Each structure stands twice: as structure tokens, then as C-alpha cells.
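Residue strings, one per chain:
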Amino acid sequence: MLYFFQQALNGLHSGALYALLAFGYVLTNGILHRTNLAHGALFAFCGQTMILTAVFGYQVLWLTLLAAVALGVVTAFLYAALVSHVLSRSVFEPLAQRTPNAVVVTTLGILLFLSEASRIAADTHNLWLPPMLAQPIVLARDATFKATLTLIQLLDCAVALAAIGLASWAFAGSSFGRRWRAVSDDPKAAAMCGIDVRAVFRHAVLSGGLCAALAGTMAGFYYGNVSFDSGLVYGLKILFVTAVGGYLSPPRAALGAAAFGMAESLWAGYFPVEWRDAWIYLFLVATLVLVGTSRDTGKVA
């Protein structure tokens, strides 16, 4: 049971990252209703930007480690805001009324651009942060085994929980949340009621980008490195998870993504890890087919 508890604890951290990404993804796609492959790339790009800037600040600017990391975090969020600004105004808005494939192809190109920009900036090397806050905290033990989480894992989970909880509370009770739900349901009717659809969409894209930046910086702190080619993997997983749960509720998408992270951790603890992604994708595809069939049946009825 302690081993199971340890695997569940490990799933908390990966689930926190997936939850942040899913929350931000649904904020955009709940209005856009198009597949956005650039969301995972933004996550990896911000994580890599944080690490590159921190290394530059420490080695070139001779900053302290804390100051260099803080500079990296600020830079990552600034780049997230910049990329979100470009995406909303130059990509999503012009292509929103065109075929879904136009957005898919364009965001795939953006994914490749961000990945290559990170690779070139790092000179195709993986730069690593030193271990930070890696002290293990014992949460349960017996005579032969200890179930632990590191301090950085606990901190990341607390930050993710606070961010999603605060955002969910604001989303449920704020005027932006009401406008978002109106635009998501029917943008033309929302515009006729006096809602600035374009402003709501731009704010949603910006908020989603900041969620991706937060997840990327958290991953950088924990793993010490975020590879420039990891954006596609994370993006596809979030795409499938949110497609299964739907795009009507960011908090519900975050909860489903957290459960997905827990399932991944449990699989890695009990089954061959090299088959993890294959079986997880197979399960998500099968679930998506069944959910899609039931939705279509409900619409016909």
C-alpha cells in the first residue's frame, strides 16, 4: 500500500502540470472551437526560455542563482504574453471563420517554429538548472519503505492548486466568466447583446498562455530541463484529454487532466513504462470515440 501511495503522490505533480495546461487550453478552445497545437509548444518554449535566461543571468550577468531564476521566470511570462498576443491577433482571429484544418496547420507551423527557436537558442544542447528544493518530505513510512515528496513537488502542487482554484473562483463569479460562457455558447448572439467578442477572446488567449507559462516554469524547476521537442507530446495529451471532457468548463478539464496525470504515474509504477504512452493514447482515443458517439446520439434524439 505504501508503494501505491508513493505512485499516487508522484502523480500529483504531473497531474498539476496537466491540469494547468488543460485549464488554459479550454479557455482558448472553448471560444475558438478549433484544434490548437501551439499550446503545448508554448509550454515547452516558456520552460526552455526560463532555463536559458536563468543560465545566461548566472553565467554571463553574474547574478545570484535566485536572481537569475527570477529573471528567467519574468522573461518566460513576458514571452508567453507576446506569443499569445501574436496568436490571438495574427492567427486565431483571421482564421476563426475558416475551416478547422487551417488553424491546425497554422498552429502546427507555430509549434515547429517555437521548437526550432528554442533548439537554436540552446545550440541543440540541453541546459540544466541545479537541483532546487529537492529535500524529501516523508509523508508515510514503515520498516522498509518511505513514501515521500520533495519540497519542490509540494510547492509546485500548491501553486497549481492555488492558481486553478483562484482562476475557477474568478471564472465562476466574474463578469469575464459570464462573457466567456456567452461567447463560447453563441458568439453572434453575445455580440448582439453588446459583448465585445474580440476582447473576450484576446483575454482568454492571454490567460491560456499564462497558464502554459506557469506550467512550463514549474516543470523547469522540478525536472531541471524542459526539452525543446516536448511541446508536441504534452500538447497532444492535453488535446485528447480536453476533447474527451469537452470545452465547456475549464475547471472540469483541469480535474480530468489531473486524473490523467495520476493514471500515467500508476501505469509507470506497475507496468512497462515504454508502453505507457501507447496504452494511454489508445485509452483516450477509445474514450473519445465512445463519448463522441453518445454525444451524437443525444443530438439526434
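Coordinates for the structure precede this section.
Residues numbered from 1 in each chain as written. Predicted model: local features only at pLDDT ≥ 70, side-chain atom pairs only at ≥ 80, totals over all residues. Heavy atoms only, no water.

Participant: Honestly, the pattern of salt bridges in this entry has me stumped. Any pointers?
Facilitator: Side chains that differ in sign of charge can pair as their charged atoms come close. This structure, assessed with the given rule, holds six salt bridges. Here Glu-93 ties to Arg-198 by a salt bridge, and the two come within 3.7 Å at their closest N and O atoms. One end of the pair, Glu-93, is in helix H3 (residues 65–95); the other, Arg-198, is in helix H8 (residues 197–223), with 105 residues separating them in the sequence. Taking relative accessible area as the criterion, Glu-93 reaches 21% and is therefore assigned partly exposed. A relative accessible area of 52% places Arg-198 in the exposed class. The closest approach of N and O atoms between Glu-264 and Lys-237, which form a salt bridge, is 2.7 Å. Pair noted here: Glu-264 is in helix H10 (residues 250–270) and Lys-237 is in helix H9 (residues 231–245), with a separation of 27 residues, a long-range link. Three or more residues are tied together by salt bridges with common partners; here these are Lys-237, Glu-264, Arg-276 and Asp-277. (Salt bridge = Lys/Arg side-chain N within 4 Å of Asp/Glu carboxyl O. Helix = DSSP H or I, 4+ residues; strand = E, 2+ residues; numbered from the N terminus. Buried < 20%, exposed > 50% of the residue type's maximum accessible area, 1.4 Å probe, protein only.)

Participant: Could you clarify how one ought to interpret empty space enclosed by the protein in this entry?
Facilitator: Where empty space is left can be seen by rolling a probe of water-molecule size over the atoms. Throughout the structure, instances matching the rule amount to two cavities of 30 Å³ or more. Quantified by volume, the largest cavity comes out at close to 60 Å³. Surrounding the largest cavity, Thr-28, Asn-36, His-39, Leu-42, Ser-84, Leu-87, Phe-92, Val-205, Gly-208 and Gly-209 form its lining. When residues of the lining of the largest cavity are traced back to their parent elements, those giving at least two are helix H2 (38–59), H3 and H8. Of the residues that constitute the lining of the largest cavity, the class distribution is four nonpolar, six polar and no charged. Approximately 30 Å³ is the volume attributed to the second largest cavity. Surrounding the second largest cavity, Ala-41, Ala-44, Phe-45, Leu-114, Ser-115, Ser-118, Phe-228 and Gly-231 form its lining. Only H2 and helix H4 (100–121) provide two or more residues apiece to the lining of the second largest cavity. In terms of residue class, the lining of the second largest cavity is made up of five nonpolar, three polar and no charged. (1 Å grid on protein atoms, 1.4 Å probe; cavity = no way out; pocket = protein on both sides within 12 Å on 5 of 7 lines; lining within 4 Å. Points joined across faces, edges and corners; volume = space filled by probe spheres on them. Nonpolar A, V, L, I, M, F, W, Y, C, P; charged D, E, K, R; others polar.)

Participant: I tried to follow the layout of surface pockets on my own but got confused; where do I start?
Facilitator: In this structure, the largest pocket occupies an estimated 460 Å³ of space. As for the largest pocket, its lining consists of 25 residues, and the residues nearest its centre are Ser-14, Tyr-18, Tyr-223, Tyr-234 and Arg-276. If you list the elements that add at least two residues to the lining of the largest pocket, you get helix H1 (2–32), H8, H9, H10 and helix H11 (276–300). Here the lining of the largest pocket takes six residues from H1, the largest share from any one element. A breakdown of the residues in the lining of the largest pocket according to their chemical character gives ten nonpolar, ten polar and five charged. The calculated volume of the second largest pocket comes to roughly 390 Å³.

Participant: For this particular structure, what's the right way to read the packing of aromatic side chains?
Facilitator: Under the defined criterion, the tally for this structure stands at twelve aromatic pairs. When the centroid spacing of 5.5 Å and the interplanar angle of 85 degrees are considered together, the rings of Tyr-3 and Tyr-270 count as edge-to-face. Of this pair, Tyr-3 sits in helix H1 while Tyr-270 sits in helix H10, and the two are 267 residues apart along the sequence. Its relative accessible area of 37% is what places Tyr-3 among the partly exposed residues. Feature note: the residues Tyr-18, Phe-43, Tyr-234 and Phe-260 constitute an aromatic cluster, connected by ring pairs. Cation over ring: Arg-181 sits above Phe-171, and NZ or CZ is 5.4 Å from the ring centre. (Phe/Tyr/Trp six-rings, centres within 6.5 Å; stacked < 30°, edge-to-face > 60°. Lys NZ or Arg CZ within 6 Å of the ring centre and 35° of its normal.)

Participant: Explain the packing of helix H5 (residues 151–173) against H8 here, please?
Facilitator: To characterise two packed helices, one gives the angle between the axes of the helices and the distance between these axes. Running from N to C, H5 and H8 cross one another at 170 degrees; their axes reach a closest spacing of 10 Å. Accordingly, the angle class assigned to the pair H5 and H8 is roughly antiparallel. Residue-level inspection shows Ile-152, Gln-153, Asp-156, Val-159, Ala-160 and Ala-163 of H5 in contact with H8, the latter providing Leu-214, Met-218, Phe-221 and Tyr-222. (Axes fitted to C-alpha atoms, helices over the stretch in contact; angles between N-to-C directions. Parallel < 35°, antiparallel > 145°, perpendicular 65-115°, else oblique. Contact = heavy atoms within 4.5 Å.)

Participant: What am I meant to see in the side chain of Gln-48 here?
Facilitator: When you line up the elements, Gln-48 lands in helix H2. Residue classification places Gln-48 among the buried residues on the basis of a relative accessible area of 1%. Those residues in contact with Gln-48 that lie beyond four places of it in its chain are Ser-118, Ala-122, His-125, Asn-225, Val-226, Ser-227 and Phe-228.

Participant: Mind showing me how you'd approach the pairing of strand E1 (residues 136–141) here?
Facilitator: Side chains on a regular strand alternate between the two faces of the sheet. One ladder, built from five bridges, connects E1 with strand E2 (residues 146–150); its direction is antiparallel. Across the sheet, residue Ala-140 finds its bridge partner in E2, namely Ala-147. (Pairing = 2+ DSSP bridges.)

Participant: Would you explain the side chain of Arg-34 in this entry?
Facilitator: Among the structural elements, Arg-34 can be located in the loop between H1 and H2. For the buried residue Arg-34, which engages in no salt bridge, the nearest side chain bearing the opposite charge is Asp-186, 13 Å off. In this structure the side chain of Arg-34 is engaged in a polar contact, spanning 3.2 Å, whose partner is the backbone oxygen of Ala-96. Aside from chain neighbours lying at most four places away, what touches Arg-34 is Tyr-25, Asn-29, Ala-96, Gln-97, Arg-98, Thr-99, Pro-100 and Val-103. (Lys, Arg positive; Asp, Glu negative; His and termini not counted. Polar contact = N/O pair within 3.5 Å; in protein donor to acceptor, adjacent residues only side chain to side chain.)

By themselves these figures say nothing about function.
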